[in-house]
Each structure stands twice: as structure tokens, then as C-alpha cells.
Amino acid sequence: MKITWDEFCSICKDAKPNNFKPPDWTIVETRVATILSVKQDSLLHDKLVELKTKYNRFTAARRNKGSEQRDVPCTDVVLDSEDFVPIVIPEAVVPKKKPKKSLDQLGERQLKNRTNEIWTKVKEYADENNETPLRILALLLKKCNDKNARDFGDHVWQQPAASSTPDHSLLTISVDAGMSIMVDCQLGRETYNKLRTTLRQQGHDIIPPWINLRTTQTAISPKPQPLPDPHEGVYMPYAEAMKITAKRIMETLPPTIPSSVVMDIKLGFDGSGSHAIYRQVQNAKTNNIIMSMFCPLSIKGDGETQWTQQTPNSAHTHRPLALQLGKESSETLQSLQIFDDDINRMKGDGFTTIVGEKEVAVKVNVASHMMDLKAANLYLGLGGAYCDLCDHSRADCHDPDVVRDGFEITRNVTDLHSLFEEVTDDDGVIIKHREDYDTRKGLTTKPIPNHEVISVQVLHALLRTFDHFMKIAVHLKAEVFEWSESDSSHYHQFLVAAKKEIQTTINDVLGERWDFPDGTGKGGTSTTGNTARRILHHGGRDIVIQMLPERFQDVMKMIGQYLSVVLRLFSSSQNINVKEYKKVCTSLYLLYLESFPIQSKKRNPKPIDLMWISVPPSLHKLLAHSWELIEMNDGGRGLKCFDESGLEANNKILRSIRLKLARKTSQADNLEDVINRMWIASDPKVNHIRQQTQPFCRHCKERGHSTRYCKNNNLVFGPLSGDDSLFERLSF
């Protein structure tokens, strides 16, 4: 291989960064070595140094020549591959082929792999001739020497083809299944269409078009409406939401559904914080959104349960009713009054819908309300009340004699409105006096709802009572018999040291971070429901109690055991012996009140002054009223279905959809896209398809976990623990 002077000059010209700079000689050397197939060594480098000097002189002289003299060709050879070290390409070593096994020695999978190429050619030939692969194989059998094979091939060939071309419409999945894929994979329009196009290019036109999903979504979704002034946000009309939900559920049931049914739901709201604020016109500068949601629990008719929600605490089964900008307050919660008339009408008159060819009358009953105690007091106007279910004062609830007499649910919305009329002046302002709890009952504002409200806190009962138990443990560890934890207290340093020691031990032994600041930056602490369960129910309680002074261990063991069993029963779906359960709750209540006495300096001390601990409203509600709530639930069943964890879990779903799958053009557009997406994600038919993809347990015949991880299949046989023995005695 040789390079002439003109060719060398052309290489140098191509290596110039621009017309005003010299060539990059590193690039020139690389290109010359490539053209000549020689090594880039010192021999080639030295030769190019000589040519570089010659090239510079040539270009300088060329500038002084005329255009005719510049174009004189020069074919002198300046580089020859024979003058340099050639690149030696080693010969490829051909590996020896392993001898193939005979077909008799292969397994089923290996046989399929070995015949893939032949089968592909048969299918291609069948498609080219508009035939089925079976008939092509029949033709090949007719060419065999074996007469039986020829006869069988002829028999198959004579049969009429069932279908010469596949019907792709039978392979396309349903629109509901397409929406399930869209929701589970968090696909927007662009990513969904890319997925569909990719599958179509590979010959799998199985996903319905995006427009079909949008058409169906519009048909099964209420039209979001803006909240009335002065509130900012969107909402779904309550009546339309109930009609669509009931119909979608009943479409999955057998056609023998009764002509009159009642659908039970749980309804509630929760504040969601730490949301991003986007640059939008007329943007409300708030990081908080209030979610109002409901979850269908069951459909009953003819005295029987026709349908039951299998996952009442899943985020996917909670349907959105409203998304409102702002924090929970008496003013912002006034927006929920738009649902009151429909709630009362759906409960009394109901509505009719067509399921298949049958007309069904449906009534909607709100079985419980999901909200924490703070939200319940704001909603009911009970800002000064100790309990939202009874009108007992804080002092009464700390009196052992009152506890022994028992508590009952005495508050209702009708009486609250009547009480508001009694304690207000002509301007509608509540008249307040000192120590007027007996007359005002803790009422501070006008109740918002006009329908009956019974708030149930299952998840928050666990968290708040667990925090209370751990606070007692910290005080006992520090031997500080004063409930206040003020920074200015003389005992503050001892409480901090005791808490840190308990935190360190729990972290080292259990790997759980109890009551540390939340690392996500969204506020709160690291204590979750699972953390509370593991420490309180699964052996962590004994680790904490062993760290306390010996004289306090017996009473804390008893309190811990009773509290654990009560919470397990309260949040279960077991049938409960309400009478015995109430006795255990009362005994635990009295343990709290009588096990931590203190001397009072008051002349006429009340029972509340004779104890150094305080019973919070959440613990009072659990021990004083949970038995009645359980009794109201199917005659004595645990309140697992009323858990508010599904509502809480929608916080992260709301944040994710708002960030990734909703328009940012305005807050109204953003919230409208979010509520539409959350509505489809919670559709009963979509959830039914989603549940079919969950692992199935052959032991307990339920979905959501595999047989290997089934708790009922991995029971440890032996004597029951004290907790389990008490649990078995109170449930059946």
C-alpha cells in the first residue's frame, strides 16, 4: 500500500480543525497507519516529522503561486507500507464443536430449543401460502416412506382449515386490563403508546389503543367540579360516584344479585403535606392538600352479603371524592358540606341502576369515618372536648369510679347542632365561661356535618397508645415521676438520657429506629405502624421492660400484655367475645390510673391529681368505647375493615401522580388530572384484574402472599404465649 504526495496533503487537510489552523498531526498519524495497515511506532513517527517540515514549506510556498500553478498534480510516492512494520492479524482459532447428543438423550426444553429453527421455517412457509402450520406439517408427512405416517398426513390435509389467518381481535386484552397495566406501570399517554407500538412491531397487537382507554375512562368517571368559593380544589359529585362504583362492582357479580341491596362504605379525609409548589398563574402558596376519599366495604341484599371488599385497607381500593388545597382547619373543612345532602339522600332513598338487564335499587350507608382525632374534633366542632364519642370531661375519664361504671357513646350530630343553638348568642357566637364543660361539652364551633358521624381510628390508636406506653417506660427508666417533658424542667436531661439508651438498645437488638426524626424531610418521626407492632407485639416489648427498674417491671408487663392483645383484637377481623373484651379493657384502664400514684399538694385533690401519668384521648377511646364499636360491627367483629391505613397510603400516590402524571399548566388542571388518575386506579374492575396477578396461597386460598410465606402454614407448635392465650380466650 502506498500514499502519494497529493493523497498525503488531502489527509492533512482533513485533519485541520479549521482553515486557519495547522493539521492535528496525531490524527494524521492515526489515519496514515490505518491506510497502510502498519504500526504506530517511532519509525512511522520519524517519517511523519520529515513530511511535516516538507508540508509546512509546501503550504507556505503555495500561497505565493497563482491558481494555475497551485493545481499542478504531484503523484510522487512519499509513504510505502513496505518501509514500516505491518500489523499482524492472528488467525482466528476455530473452536472444536462438541458432538451433539441424540434426540433421545435430550429433555423436553432442549428438544424445543433444537427444533426452533425448523418450526420457524414451517410457520414462515405457512404464512406465505395462507395456510396453517398444521396443514404444512401434514404435507411433509405425506412425503414419508412410512405408510402410516402418509395416511395420517393425508387425513389431516383433507380436514378443512379452522382458520387460515389468526384473528388478532381475540388476542387483544380488554380495556379494563389495559387500564390495569396503565395504572400499575404508571404509564402516561406517550409511554403507553410507545409500549403498544413496540409490541405491534414485534407482531403482538394485544394492547387496546389509548383512545379506547380514554373513552372508557370518561364513561366510568364522574366529571370533576371546582369546589365552591372560597375553597380551592376539585371534587367528584357524591351521588354520581356512588352510582358508578356500585354498578362497576355488581357487574363482576353473578346475575342472581337481588333487586334491592345496601352498599356499606367508609368515608374520611386526611391532610397531605410537603407538596411541591409550581410556578403557575394564580397559584395558592400552600404545600398541603386535603384528600377526601371513600372505600366500598360490602354489598348486602336478601339478608346475605353479596360482595365483600377483599382488601379494605389497600390504597388502591380507596376512591377520591375531593382534593382541596390548604391545611385541615374549621374553615377549610366547611367545603365537605357539599356532600351532606347526597349522603342523607343516598342513605334514605338511594338510587336505581341497570346491571345487565336487571334493575337494582341501591342504598348507600356510611359505616364509619376515617379521620384522626384532631380532624374529628375540627369536623364536629369539638375543639375543647376530651372525647368525640362521649361528653365526659378529662377529669371524669381519670376517675377510677367513673371507669368502673363504664362509658357509652352518647354524642350524635343532631344533639351537637341543638347544643350549638343553646350556647350561642344572637350573632351565632358561642358563649364561653370558665369550667363550663358540663354545659358546653367542649363545643367550640358549629358542627360541619349534617349526617351522623362515628369516627374510628384503628391505625392511629396503635401509634398513639404505643407512644404513650414508651413514654411511660422512658419516665420509669429515668425515675422521673412527672408527666411534663418541658425543656426547662430540672429532669429533662435525665429523660433525654433514658430515651437515648432505650433507642440505642432497640436499634441494636431489633434494628428498628424508634422515635428518631424522619429522614425523608417531610416531618414527623421514624415510628411507623410496623415499628409499633414489632416492638409491642413481637418480643420487643420484653427488651424495653427489662431495661426498667425491677419494681416497675411486673406492672409494665401486665400493661404491655393487655395493651398488645386489645390492639390486636381491635384491629382484627375476628369474632370477639365483647363481654370479656370489655372487662380486659376496663382492667387495663384501671391499671393505668392506679399503678402510678403521686402525692398531691392540693387541699381537695381530684383523682386526676393523684397520679403522675395522663391518659390521652386516643387511649381513652380505645379502652372505653372500642367494645361498643366492635359490638356495632356485625354483632362483635374486629374493626380491621375500618382501618385508615389505606387513606394514609394514598399520600405517596397523590404525590407521585401530581409530580409525574399530571399537567403543570395550573393548579386546577393539575388536581383534575390527579383525581381522574386516582379514580381509575381505584376502579373495582381494574382492582379485580390486579388481584388476579397477586401470588396465590394454596393453604389459606387467598391472594396477596404465596404458600411459602403463609403465616397460617408456618405455625410454631407448642405452648401458647401469654398474649396468644389471652387472644384465643377473647376471640372465636
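This write-up is about the structure you can find in this document.

Conventions adopted
- Residues numbered from 1 in each chain as written.
- Predicted model: local features only at pLDDT ≥ 70, side-chain atom pairs only at ≥ 80, totals over all residues.
- Heavy atoms only, no water.
- Helix = DSSP H or I, 4+ residues; strand = E, 2+ residues; numbered from the N terminus.
- Rg over C-alpha atoms; globule rule 2.2 N^0.38 Å.
- Buried < 20%, exposed > 50% of the residue type's maximum accessible area, 1.4 Å probe, protein only.
- Contact = heavy atoms within 4.5 Å.
- Lys, Arg positive; Asp, Glu negative; His and termini not counted.
- Charge placed at Lys NZ, Arg CZ, Asp CG, Glu CD.
- Core = buried A, V, L, I, M, F, W, Y, C linked by side-chain atoms within 4.5 Å.
- Axes fitted to C-alpha atoms, helices over the stretch in contact; angles between N-to-C directions.
- Parallel < 35°, antiparallel > 145°, perpendicular 65-115°, else oblique.
- Nonpolar A, V, L, I, M, F, W, Y, C, P; charged D, E, K, R; others polar.
- Phe/Tyr/Trp six-rings, centres within 6.5 Å; stacked < 30°, edge-to-face > 60°.

### Here we look at the overall build of the chain
Then, number 1: Counting its secondary structure elements, the chain contains 28 helices and 12 strands.
Then, number 2: For 732 residues, the compact-globule estimate of 2.2 N^0.38 gives 27 Å, and the C-alpha radius of gyration of the chain, at 39 Å, exceeds that figure by more than 25%.
Then, number 3: Judged by the C-alpha coordinates and their principal axes, the chain covers about 120 × 80 × 65 Å.
Then, number 4: Taken across its 732 residues, the chain has 44% of its residues classed as buried.
Then, number 5: Considering only contacts in the chain between residues 6 or more positions apart, those separated by 24 or more positions represent 68%.
Then, number 6: The positive charge centre, built from 95 side chains, and the negative charge centre, built from 94, are 7 Å apart in the chain.

### Focus on the environment of Cys144
Then, number 1: Considering the arrangement of structural elements, one finds Cys144 in the loop between α7 (133-141) and α8 (147-158).
Then, number 2: A relative accessible area of 28% means that Cys144 is categorised as partly exposed.

### Here's the deal with the side chain of Ser731
Then, number 1: Inspection of the secondary structure puts Ser731 in the segment after α28 (722-730).
Then, number 2: Those residues in contact with Ser731 that sit more than four places away from it in its chain are Leu569, Gln574, Asn575 and Ile576.

### Notes on the nonpolar core
Then, number 1: If you look at the biggest cluster of nonpolar residues, it comprises 160 residues, and the most contacted ones within it are Tyr238, Met242, Met250, Met556, Tyr581 and Tyr592.
Then, number 2: Here this core takes 12 residues from helix α18 (residues 459-478), the largest share from any one element.
Then, number 3: When neighbours within four sequence positions are excluded, Tyr592 is seen to be in contact with His468, Ile472, Ile559, Leu563, Ile613, Val615, Leu619 and Leu623.
Then, number 4: Membership of the second largest hydrophobic core comes to 20 residues, among which are Phe8, Val32, Leu51 and Leu79.

### Some words on the packing of helix α9 (residues 175-184) against helix α11 (residues 210-219)
Then, number 1: Running from amino to carboxyl end, α9 crosses α11 at an angle of 100°, the nearest separation of the two axes being 10 Å. The angle between the axes of α9 and α11 places the two elements in the roughly perpendicular class. Within the contact between the two elements, α9 uses Val175, Gly178, Met179 and Met182 and α11 uses Trp210, Asn212, Leu213 and Thr216.
Then, number 2: Classifying every residue of the contact of α9 with α11 by side-chain character gives five nonpolar, three polar and no charged.

### A word on the packing of aromatic side chains
Then, number 1: Inspection of the entire model under this criterion finds 14 aromatic pairs.
Then, number 2: Ring centres of Phe596 and Trp612 lie 5.5 Å apart, and the angle between their planes is 80°; on these two criteria the pair is classed as edge-to-face. With a gap of 16 residues between them, Phe596 in the loop between α23 (578-594) and α24 (617-632) and Trp612 in the loop between α23 and α24 connect regions that are remote in the sequence.
Then, number 3: Of the residues examined, Phe596 reaches a relative accessible area of 2% and is grouped as buried.
Then, number 4: A relative accessible area of 5% means that Trp612 is categorised as buried.

Note that every value here comes from positions in space, so none of it alone points to a role or purpose.
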